[in-house]
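Notes for the structure review
This is what each chain is made of:
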Amino acid sequence: MAELSLERVYDLLGTKNIAGSEKELEILCIRIRELLEANGADWIRQNRHKLLSEWNYIVGKQIIM
């Protein structure tokens, strides 16, 4: 699958209000693409609140440097 755009990630997660630097958001796009390939778009939409919560934790704890 081709690279996933940030706009597509916004659509899948249902918000444009996603924390993170440019580098962190690039990593988010990669991870969401992997989840999309493994589980499909419906799964991402059904789990968007959990995914966003986990992402906010990762960004807040500065796990990605």
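The coordinates are above.
Residues numbered from 1 in each chain as written. Predicted model: local features only at pLDDT ≥ 70, side-chain atom pairs only at ≥ 80, totals over all residues. Heavy atoms only, no water.

**Considerations on the environment of L6**
Tracing the chain through its elements places L6 in helix α1 (residues 6-13). Taking relative accessible area as the criterion, L6 reaches 27% and is therefore assigned partly exposed. Sequence separation of L6 and K61 is 55 residues, and the distance between their C-alpha atoms is 22 Å. Leaving out residues up to four positions away in the same chain, L6 has contacts with L25 and C29. (Helix = DSSP H or I, 4+ residues; strand = E, 2+ residues; numbered from the N terminus. Buried < 20%, exposed > 50% of the residue type's maximum accessible area, 1.4 Å probe, protein only. Contact = heavy atoms within 4.5 Å.)

**Brief notes about the layout of surface pockets**
One number sums up the size of the largest pocket: a volume of about 160 Å³. Lining the largest pocket we find L13, I27, L28, R31, I32, L35, L51, L52, E54, W55 and I58. Breaking the lining of the largest pocket down by element, the ones donating at least two residues are α2 (22-39) and α4 (48-60). Taken together, the residues of the lining of the largest pocket sort by class into nine nonpolar, no polar and two charged. (1 Å grid on protein atoms, 1.4 Å probe; cavity = no way out; pocket = protein on both sides within 12 Å on 5 of 7 lines; lining within 4 Å. Points joined across faces, edges and corners; volume = space filled by probe spheres on them. Nonpolar A, V, L, I, M, F, W, Y, C, P; charged D, E, K, R; others polar.)

**Some thoughts on the environment of I18**
Relative to the helices and strands, I18 is located in the loop between α1 and α2. Note: C-alpha distance between I18 and L28 (10 residues apart in sequence) is 9.8 Å. Those residues in contact with I18, other than ones at most four positions away along the chain, are V9, Y10, L13, L25, L28, L52 and W55.

**Side note on the pattern of salt bridges**
Any two side chains of opposite charge can pair if their charged atoms end up close together. Inspection of the entire model under this criterion finds six salt bridges. Residues R31 and E34 are paired through a salt bridge, measuring 3.2 Å at the closest nitrogen-oxygen approach. In this pair, R31 and E34 both sit in helix α2, three residues apart, roughly one turn of the helix. Overall, R31 belongs to the partly exposed group, its relative accessible area being 43%. For E34, a relative accessible area of 35% corresponds to the partly exposed category. E54 is paired through a salt bridge with K50; the nearest N and O atoms lie 3.6 Å apart. Placement of the pair is E54 and K50 together in helix α4, with a separation of four residues, close to one helical turn. What makes K50 exposed here is its relative accessible area of 54%. (Salt bridge = Lys/Arg side-chain N within 4 Å of Asp/Glu carboxyl O.)

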